[in-house]
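Listed below, chain by chain, are the residues.
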Amino acid sequence: MASTILVGTQWGDEGKGKVTDLISGEYDVVCRCQGGANAGHTVMANGHKFGLHQIPSGVMYDGVVPVIGNGCIVDPSVVLEEFATLDAQGVSYDNLKISGNAHIVMPYHKDLDGANERRLGKNLIGTTRRGVGPCYSDKAARIGLRMQDMLDEKIFRQKLECALLEKNPILEKIYELPGYTVDQICETYLPYAERLRPYIIESSRFLNECIDEGKNILFEGSQATMLDIDFGTYPFVTSSNCTAGGAITGSGVGPKHVDRVLGIAKAYLTRVGSGPFPTELPQGDEIGELLCETGHEYGVTTGRKRRCGWYDAVIVNYAARVNGLTDLAVTKLDVLGCLDTIKVCIAYDVDGVRYTTVPEHQSLFYDAKPVYIELPGWKCDISNVRSYTELPREAKDYIDLIERLSGVRVSIIAVGPDREQTINRHWN
Ligand code: IMP
């Protein structure tokens, strides 16, 4: 098995955690390259389900090295909470590596995330309030603090003082929130540094040495194409590049070492937070509620109910283009088994003009009316099916349509939450 980038093709929550969990064992290293504690992957250990937000789900496999790459942002308090959870489950994280170049989420980032959302009022982005936007803003503004800074108290204090000169007036004067002193933050963060010191490394060098030794890497994407800061529905996006390019800059591994780009697409569509969603079913719609309940569409990080809608082939086709997908994994196909007929959006109509790709101009996307085709449902439980040939004809037709409209082969089909509830069609 060769090195692979795994990305979400929609608005997140496509089931990346399940697919990562499924294929992690085929890799030597699983590396996260962007995002922070805004991500939420459900994993299973000893029959218990729990969520991981910072630590790559590869930690669940013996012999797989989990890496938090330089493109990630790290909330040390969340990492330590996850250590405690993993300890309780008897899962070892001795192998974990954290990039010294990853930026640290500071307490003022979380305050500012919340304050900014309150300021936006009804135009709020609907962030996870984990400090993601403010932390990445500081990275770009070159006043961020990195994991390596925590390892040297003098440098940490100097950089923090410089950051607080800007942050305190914003917190106090604009948002009427209390500011911070250097000592106050050091009191919490310096002990974090001591706990995390053994895990902090030069991750790009480590990853490239692994490649030189013939090892394979899974680059585990968080969030998704339509939440990407460049290619998503800006400004209703996250603050990192969640498309395949983010795996390169967020790891320091060159693109020549990547062999496959696996896109994850849910068999229908969900979104949390604000922003346009052409195929969204109206609030209270019977089918929308059915999808939400059957698919357990509640956020792992925030517990928010997800907005539900029909599969949008236009955005998956767009994701195929901007990520250079080689394979697709279609998840939650079983959930559609409750429907008589299933709609698929094959194009948008914007004021009489037909679009088969996502229009770049945001006002066109806001006005996009889905053009649907309707397919017969299979009306049965497929959660025990393990081979493509055994799927009902209607389900096969649905997968064939997804394949045709995306131009990418469907290699994996998930028919339930458990690892074995999977159809391996072309993977391996
Ligand atoms: P932020 O990443 O917390 O700044 O949130 C920005 C937008 O991305 C909001 O609409 C969030 O709901 C969404 N978002 C962030 N992380 C995830 C995720 O892991 N799954 C789904 N949506 C996410």
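So, here's what we can say about the structure. Counting restarts for each chain, with residues numbered from 1 along the sequence as it is written. A pLDDT threshold of at least 70 governs which residues receive local features in this predicted model, and a stricter bar of 80 or more applies before side-chain atom pairs are shown or counted, although totals over entire chains, interfaces and linings include all residues. Heavy atoms from the whole structure form the basis of all side-chain values; hydrogens and water molecules are not counted.

**Quick word on the overall build of the chain**
Quick note on the threshold: The numbering of helices and of strands both runs from the N terminus, where a helix is a DSSP run of H or I of at least 4 residues and a strand a run of E of at least 2. Note that the radius of gyration is over C-alpha atoms, with the globule rule given as 2.2 Å times the number of residues to the power 0.38. Think of it in three bands: residues with accessible area under 20% of the maximum for their type are buried, residues over 50% are exposed, and the middle band is partly exposed, with areas taken using a 1.4 Å probe on protein chains only.
In terms of helices and strands, the chain carries 12 helices and 20 strands. For a compact globule of 428 residues, the expected C-alpha radius of gyration is about 22 Å, and the chain comes in at 22 Å, within 12% of that figure. Principal axes of the C-alpha set define a box for the chain whose edges measure 65 × 50 × 40 Å. Sorting the 428 residues of the chain into buried and exposed places 57% on the buried side.

**Looking at the packing of helix α3 (residues 107–120) against helix α5 (residues 153–174)**
The line we're drawing: A fitted line through C-alpha atoms serves as each axis, taken over the contacting stretch for helices, and the angle formed by two N-to-C directions is quoted from 0 to 180°. Each angle is binned into one of four classes, with values under 35 degrees roughly parallel, values over 145 roughly antiparallel, values of 65 to 115 roughly perpendicular, and all other values oblique. Left-handed is the label given to a crossing in which the near helix is rotated counterclockwise from the far helix by less than a right angle, and right-handed is the label when the rotation is clockwise. We call two residues in contact when some of their heavy atoms are within 4.5 Å. Residues are grouped as follows: Ala, Val, Leu, Ile, Met, Phe, Trp, Tyr, Cys and Pro are nonpolar; Asp, Glu, Lys and Arg are charged; all remaining types, including Gly, are polar.
Across the interface, α3 lies against α5 with an axial gap of 11 Å and an inter-helix angle of 25°. Comparing their axes, α5 and α3 come out roughly parallel. For the crossing formed where α3 meets α5, the hand is left-handed. On the side of α3, the interface is formed by Y108, D111 and L112, while α5 contributes L160, A163, L164, K167, I170 and L171. Residues belonging to the contact of α3 with α5 are distributed by class as follows: 7 nonpolar, no polar and 2 charged.

**Examining the site of the ligand**
How we decide: If even one non-hydrogen atom of a residue comes within 4 Å of a molecule or strand, that residue is called near it. Pairing of N or O atoms within 3.5 Å defines a polar contact, subject to two protein rules: one partner must be a possible hydrogen donor and the other a possible acceptor, and residues neighboring in sequence count only if both atoms are side-chain atoms. Computed with a 1.4 Å probe, the accessible areas rest on the Shrake-Rupley method; for each residue, only the protein chains presented here act as cover.
Taken together, 16 residues sit near the ligand, with D13, N38, T128, T238 and R304 positioned nearest. Between the ligand and R304 there is a distance of 3.0 Å, counted from an oxygen atom to a side-chain nitrogen or oxygen. Taking 470 Å² as the accessible area of the ligand by itself, protein coverage stands at 96%. In the shell around the ligand, the residues fall into 7 nonpolar, 7 polar and 2 charged.

**Description of the nonpolar core**
What counts, and what does not: Here, nonpolar core means buried Ala, Val, Leu, Ile, Met, Phe, Trp, Tyr and Cys residues that are tied together by side-chain atoms lying within 4.5 Å of each other.
Among the nonpolar cores identified, the biggest contains 71 residues, and F219, I315, L333, L336, L391, Y398 and I413 are the most heavily contacted of them. In terms of residue count, helix α10 (residues 313–323) provides more of this core than any other element does, 7 residues in total. Non-local contacts of I315, meaning those with residues more than four positions away in its chain, are made with T9, Q10, W11, M226, L269, Y348, V358 and F365.

**Observations concerning the pattern of salt bridges**
This is how the line gets drawn: One side-chain nitrogen of Lys or Arg within 4 Å of one carboxyl oxygen of Asp or Glu is enough to make a salt bridge.
Scanning the model with the defined rule gives 24 salt bridges in all. Residue K167 pairs with E166 through a salt bridge whose shortest N-O separation is 3.0 Å. Since its relative accessible area comes to 5%, K167 is described here as buried. Of the charged contacts, one joins D327 and R409 as a salt bridge, the two residues approaching to 3.0 Å between their closest N and O atoms. Here D327, found in strand β15 (residues 327–331), pairs with R409, found in strand β19 (residues 409–414); they are 82 residues apart in sequence, far enough to count as distant.

**Topic: the side chain of K16**
Relative to the helices and strands, K16 is located in helix α1 (residues 16–23). The contact partners of K16, leaving out residues within four places of it in the chain, are L6, V7, G8, G221, S222, Q223 and I264.

**Focus on the pairing of β15**
Let me state the cut-off plainly: Here the rule is simple: two strands pair whenever DSSP picks up at least two bridges between them.
When you tally the buried positions in β15, you get 5 out of 5 residues, the bulk of the element. Residues D327, A329 and T331 line one face of β15 and the alternating positions L328 and V330 line the opposite face, and both faces are buried. Examined bridge by bridge, strand β11 (residues 260–266) and β15 share 5 bridges and lie parallel to one another. Counterpart to L262 in the pairing with β15 is D327. Inspection of the sheet shows β15 paired to β19 by 4 bridges, in the parallel sense.

**Side note on the pairing of strand β2 (residues 29–32)**
Burial of the side chains of β2 extends over both faces: V29 and C31 are buried on one face and V30 and R32 on the other. Relative to strand β10 (residues 217–220), β2 is paired through 4 bridges, and the arrangement is parallel. Looking across to β10, one finds that V29 is bridged to I217.

**Section: unusual backbone geometry**
At the junction of Y234 and P235, the peptide bond is cis and its omega measures out at 10° in the coordinates. Looking at the element boundaries, P235 is found in the loop between β10 and α8 (244–249). In the Ramachandran plot, H296 falls in the positive-phi region, its phi being about 50° despite a non-glycine side chain. Looking at the secondary structure, you find H296 in the loop between α9 (286–294) and β13 (307–309). Judged by relative accessible area, H296 falls into the exposed class, the value being 61%. With phi around 50°, D351 is a residue other than glycine that occupies positive phi space. Of note, D351 is situated in the loop between β16 (341–350) and β17 (353–355).

Just distances and angles here, no functional claims.
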